[in-house]
Amino acid sequence: MYRTTAICTVWLALLSAPAWSQELTTDGVSCLPNEANAAITAAIAPEISGSDEMRLYFRRLNPTGAFYWVEMNPTGAGSYWTVFPRPETREQRELTDEWWEILQSRDWMKGHDRQWLSDYFETQVHELAEYYVSTVDVNGRELARTPTLLVEVKDRDECRLGLDPFQVGQTRNLTVGEMTQAQHGHEVFHWLCDGIVSRVSFEGILREDEFCRACVVAGWLPVVPAGAALIAGTTIEKREPRRASEVQPGN
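All values derive from a computational prediction rather than experimental measurement.

Enquirer: Can you explain the overall build of the chain? Please cite residues and give values.
Expert: Counting secondary structure elements, the chain contains five helices and 14 strands. Across the 251 residues of the chain, 41% fall into the buried class. Relative to all contacts within the chain whose residues are 6 or more apart in sequence, the contacts with residues 24 or more apart total 66%. About 14700 Å² of surface is accessible on the chain, with carbon and sulfur atoms providing 54% of the total.

In C-alpha cells form, the structure reads like this:
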C-alpha cells in the first residue's frame, strides 16, 4: 500500500511540472524614431512549438491606455523579429501621485526612485514607450516573457535605425492585437495609423482596422471644384478621430 501511494505521488508531481523551461531574451532597441518604424529581435531556447506565438507588447508611457501587441516572425533556431508601429508626436506627461503608485513597480524602475523618474520625464522631448516580448500558447496563455523595458522616442536624426527589405514590407502590413475591449474601434493610442491594416480583437478575432482605414480613405479624398458632383454611387463617410477610452496601464 505504501509503495503504491509513493508511485502515484511521483507521477502526479511529474504531470503538474512544466514539460520544459524556456529562456526568452531580447537585445531590445536603443531608441524609437519619432513617426518612423524600428525593428526588434528576440530569441528563445528551446524553440516554441508550431501552435505557440512570439509577440511584442508595446505602449506609450501615459497614465491612460493599455498595451497592444504584434506577432513576431520566426527566422529559425529560435530567433524572431518584428517592427514597432510609428510613434505619434506626443509630449511626455508629468508624474502624478496616482501614476507613481502604478509605475514604481515596473521592471525598469528597479534601482530608481520617484525623484529620478520625475527628473527623467522633464528631459524627454517625446513621450517614452515601454515594451516586452512574450510567448503565448494557442489559448493565449503566457508561457514566458522578458522584463518590461523603457525606451526613449527621439527625432529621426537622433535615432537612425535601418530596416532591411523584409522589415520594410512588414511596416506596410501591420496587424495589431488589442488587450482590452475599450481599444476596439479606436486609434492605436499615441501611435500613427501608417502601415496598420488589421487588428486582432480582445477575443482573438481578426478584422480590418476600421479606424485607420477610415483615416486612409479621408486622406485620399479627391479635390472637387465648387459646384461639381462626385461620381454617382460613391459615398464618402467622414469620421472624426476618437480618443481611446481611458484604461489603466497593463502590468
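Enquirer: I'd like a description of the side chain of Gln170, backed by residues and values.
Expert: For Gln170, the position within the fold is in helix 4 (residues 165–171). The class of Gln170 is buried, set by a relative accessible area of 17%. At a separation of 3.1 Å, a polar atom in the side chain of Gln170 contacts the side chain of Asn73.

Enquirer: Summarise helix 3 (residues 114–122); cite the residues concerned and give the values.
Expert: Here helix 3 has its buried residues at Leu117, Tyr120 and Phe121. Seen along its axis, helix 3 keeps its buried residues to an arc of 100°; they face one direction. In this structure, the buried residues of helix 3 make contact with helix 2 (97–103) and strand 10 (149–151).

Enquirer: If you had to explain unusual backbone geometry to someone new, which residues and values would you point to?
Expert: The residue after Ala45, namely Pro46, is reached through a cis peptide bond having omega -5°. The residue Pro46 is located in the loop between strand 3 (39–45) and strand 4 (53–60) in this model. Notably, Glu35 is not glycine yet its phi reads approximately 60°, a positive angle. The topology assignment puts Glu35 in the loop between strand 2 (32–33) and strand 3. Notably, Ala77 is not glycine yet its phi reads approximately 60°, a positive angle. Examined against the element boundaries, Ala77 turns out to sit in the loop between strand 6 (73–76) and strand 7 (79–83).

Enquirer: Account for the nonpolar core, with residues named and values stated.
Expert: By size, the foremost hydrophobic cluster in this structure holds 33 residues, and its most contacted members are Leu32, Leu56, Phe58, Met72, Phe84 and Tyr131. Mapped by element, the contributors of at least two residues to this core are strand 3, strand 4, strand 5 (68–71), strand 7, strand 8 (129–136), strand 12 (174–178) and helix 5 (210–219). The contacts of Leu56, once residues within four sequence positions are left out, are Ile40, Tyr68, Trp69, Val70, Met72, Thr82, Val83, Phe84, Tyr131, Tyr132 and Val133. One finds Leu95, Trp108, Met109 and Tyr120 within the second-largest nonpolar core, a separate group that totals 11 residues.

Enquirer: Mind laying out the pairing of strand 4, listing which residues take part and the relevant values?
Expert: A large share of strand 4 lies buried, amounting to seven of its eight residues. Pairing geometry for strand 4 and strand 8, over eight bridges, is antiparallel. For Glu53, the partnering residue across the bridge sits in strand 8 and is Val136. When strand 4 meets strand 5, the two strands line up antiparallel, connected through four bridges. Following the sheet pairing, Leu56 is matched in strand 5 by Val70.

Enquirer: How would you explain the sheet that holds strand 1 (residues 23–26) if you had to name every residue and give the values?
Expert: Ordered in space as 1-3-7-6, the four strands form an open sheet in which the pairing is antiparallel. Across the chains shown, the open sheet's two edge strands, defined by having one partner strand only, are strand 1 and strand 6. Geometrically, the sheet is characterised by an average inter-axis angle of 25° between neighbouring strands, direction not taken into account.

Enquirer: How would you summarise the state of the cysteines if you had to cite specific residues and measurements?
Expert: The full count for this structure, using the stated rule, is two disulfides. In this model, Cys31 is linked to Cys159 through a disulfide, with the two sulfur atoms separated by 2.0 Å. Across the disulfide from Cys31 to Cys159, rotation about the S-S bond amounts to roughly 95°, and the bridge is consequently right-handed. With Cys31 in the loop between strand 1 and strand 2 and Cys159 in the loop between strand 11 (153–154) and helix 4, this residue pair connects regions lying 128 residues apart in the sequence. At a sulfur-sulfur separation of 2.2 Å, the disulfide partner of Cys193 is Cys212. Because the sign of the S-S torsion sets the handedness, a value of about -80° for the bond joining Cys193 and Cys212 places this disulfide among the left-handed ones. Here Cys193, found in the loop between strand 12 and strand 13 (196–200), pairs with Cys212, found in helix 5; they are 19 residues apart in sequence, far enough to count as distant.

Quick notes on the rules
All residue numbers refer to position in the chain's written sequence, counted from 1. Reporting of local features is limited, given that this is a predicted model, to residues whose pLDDT is at least 70; pairs of side-chain atoms are given and counted only at 80 or more, and all residues count toward the totals for whole chains, interfaces and linings. Computation of side-chain values: all heavy atoms of the structure, hydrogens and water removed. Only DSSP runs of H or I covering at least 4 residues are called helices, and only runs of E covering at least 2 are called strands; the numbering of each starts at the N terminus. When a residue's accessible area, from a 1.4 Å probe over protein chains only, is under 20% of the maximum for its type it is buried; when over 50% it is exposed; and in between it is partly exposed. Note on contacts: a residue pair qualifies if any of its non-hydrogen atoms lie within 4.5 Å across the two residues. All accessible-area figures derive from a Shrake-Rupley calculation using a 1.4 Å probe, and residue coverage is judged against the displayed protein chains alone. In the analysis that follows, any N or O atom pair within 3.5 Å is treated as a polar contact, provided that within protein one partner can donate a hydrogen and the other can accept it, and provided that, for residues neighboring in sequence, both atoms belong to side chains. By definition, the arc is the one covered by directions from the helix axis to the C-beta atoms. We define the nonpolar core as a collection of buried residues of types Ala, Val, Leu, Ile, Met, Phe, Trp, Tyr and Cys that are connected through side-chain atoms lying within 4.5 Å of one another. By the convention used here, strands pair only if DSSP detects at least 2 bridges between them. Angles here are taken between N-to-C directions and fall from 0 to 180 degrees, while the axes themselves are lines fitted to C-alpha atoms, restricted in helices to the stretch in contact. Here, the term disulfide refers to a pair of cysteine sulfur atoms separated by no more than 2.5 Å.

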